Amino acid sequence: MAEHELKQIISQLEKPHNLHQAPKLLSKAKLGLLHLHALVPSANTSPQHILLATSVLEHGALLSIRLKDTEAFTRYYQQLQPFYSLPHERWHRAGKPKNQSKVTGLYLLLLLSVGDYAGFHTVLEGLEMSSGKEHIEKDELIQYPVRLEQALMEGSYDKVWGETKGERVPSEEFAVFSEVLINTIRSEIASCSERAYPSLQISNAKNLLFLDSEGAVIQFAQARGWVAKDGRIYFPQQEAEMLAAGKDVMSSSNTVIENTLGYARKLETIV
């Protein structure tokens, strides 16, 4: 495949309506890179071919996110690393990769969403060594997952919730992983709540679980095997244990609920 044909495919990949045709286009593009000996950079790969390869792989990474294929995204991220680690002079006048910060920021967010904090810090430390800490601190696409990680470490789930809403999300691709991250947090809060209380008011559970309506709380409760009745959510296992011990724990304040949940999380960490 000639170089100009590869550029035509890249042009097609940039059109939003070609989303479902993207996997076939990407396969053709990668085959073209193989013919140009540019799928993996070598000492003989020209700056122009390096830029073409990076463009194809970055399109693949971002399109994988839009298709919600995290495994494909991870593969593209890994394929991009040999290009991103090339010295500046290898790029010469061809320019720099357009989406390095976005792809890297998305990968950091993916690591957060699956709870891989060690991997998160390994990638971040590598960025600071290669690009400099000052440069990283000015890069909003990297700082977005950094802020989320800091809020998670503080247990400030309300900050995480705020960062994943509306204009604070850098792009549509980040919104995909932000949703996954919120679902992970919601599941963790739910597990802590089951251990901390026999029941919660549905209105309190809505705020605690960052759900949009009481109907959404009931749906979530049913999925977890909780019982919703008389305006409350009951956790069957905890309720049985509390009744057996002759205790009745009730809470009417959001502040009390959040403080108790924080205490339960600390106890869980100690144990």
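The coordinates are above.
This text gives an overview of the structure that appears in the document. (Residues numbered from 1 in each chain as written. Predicted model: local features only at pLDDT ≥ 70, side-chain atom pairs only at ≥ 80, totals over all residues. Heavy atoms only, no water.)

## Considerations on the overall build of the protein
Summing up its helical and strand segments, the protein has 14 helices and three strands in all. Within the protein, residue pairs in contact and separated by at least 24 positions form 65% of the contacts whose partners lie at least 6 positions apart. As displayed, the protein offers around 14,900 Å² of accessible surface, 52% of which is attributable to carbon and sulfur atoms. (Helix = DSSP H or I, 4+ residues; strand = E, 2+ residues; numbered from the N terminus. Contact = heavy atoms within 4.5 Å. Areas by Shrake-Rupley, 256 points an atom, 1.4 Å probe, with all protein chains shown as cover.)

## A closer look at the environment of leucine 181
Within the element layout of this structure, leucine 181 appears in helix H10 (residues 172-196). In this structure leucine 181 comes out as buried when scored by relative accessible area, which is 2%. Considering only alpha carbons, one finds leucine 181 and leucine 110, 71 residues apart in sequence, at a separation of 8.2 Å. What leucine 181 contacts, discounting residues up to four positions off in sequence, is Leu109, Leu112, Ser113, Leu148, Leu152 and Val160. (Buried < 20%, exposed > 50% of the residue type's maximum accessible area, 1.4 Å probe, protein only.)

## Brief notes about the side chain of serine 64
One can find serine 64 in helix H3 (residues 47-66). In this structure the side chain of serine 64 is engaged in a polar contact, spanning 2.7 Å, whose partner is the backbone oxygen of glycine 60. Once you skip the residues sitting within four places of it in the chain, serine 64 turns out to touch Asp69, Ala72, Phe73 and Tyr76. (Polar contact = N/O pair within 3.5 Å; in protein donor to acceptor, adjacent residues only side chain to side chain.)

## What about the packing of aromatic side chains?
For the coordinates displayed, the defined rule picks out seven aromatic pairs. Where tryptophan 161 meets phenylalanine 210, the ring centres are 5.2 Å apart and the plane angle is 20°; that geometry is what we call stacked. Here tryptophan 161 is found in helix H9 (residues 157-163), whereas its partner phenylalanine 210 is found in the loop between helix H11 (202-208) and helix H12 (214-224), with 49 residues between them in sequence. On the numbers, 4.7 Å between centres and 75° between planes, the contact of tryptophan 226 with phenylalanine 235 is edge-to-face. Residue classification places tryptophan 226 among the buried residues on the basis of a relative accessible area of 8%. Here the aromatic residues Phe73, Tyr77, Tyr107 and Phe177 are joined through ring pairs into a cluster of three or more. Note that lysine 165 overlies the ring of tryptophan 161, its terminal NZ or CZ placed 4.2 Å from the centroid. Positioned above the aromatic ring of tyrosine 234 is the side chain of lysine 229, whose terminal nitrogen or guanidinium carbon lies 5.5 Å from the ring centre. (Phe/Tyr/Trp six-rings, centres within 6.5 Å; stacked < 30°, edge-to-face > 60°. Lys NZ or Arg CZ within 6 Å of the ring centre and 35° of its normal.)

## Regarding helix H8 (residues 140-154)
In this model, H8 (15 residues) spans 21 Å end to end at C-alpha, consistent with the 21 Å of a helix rising 1.5 Å per residue. All of the buried residues in H8 are Ile142, Gln143, Tyr144, Pro145, Val146, Leu148, Glu149, Ala151 and Leu152. Considering only its buried residues, H8 is in contact with helix H5 (100-113), helix H6 (117-131), helix H7 (133-138), H9 and H10. Count one or two residues on from H8 and you reach glycine 155, which has phi positive near 75°. (Expected span 1.5 Å × (residues − 1).)

## Points about the pattern of salt bridges
Here the structure, examined in full by the defined rule, presents eight salt bridges. Across the pair lysine 7 and glutamate 3 runs a salt bridge, and its minimum N-O distance is 3.8 Å. Of this pair, lysine 7 and glutamate 3 both sit in helix H1 (residues 3-13), four residues apart, roughly one helical turn. In this structure lysine 7 comes out as partly exposed when scored by relative accessible area, which is 45%. (Salt bridge = Lys/Arg side-chain N within 4 Å of Asp/Glu carboxyl O.)

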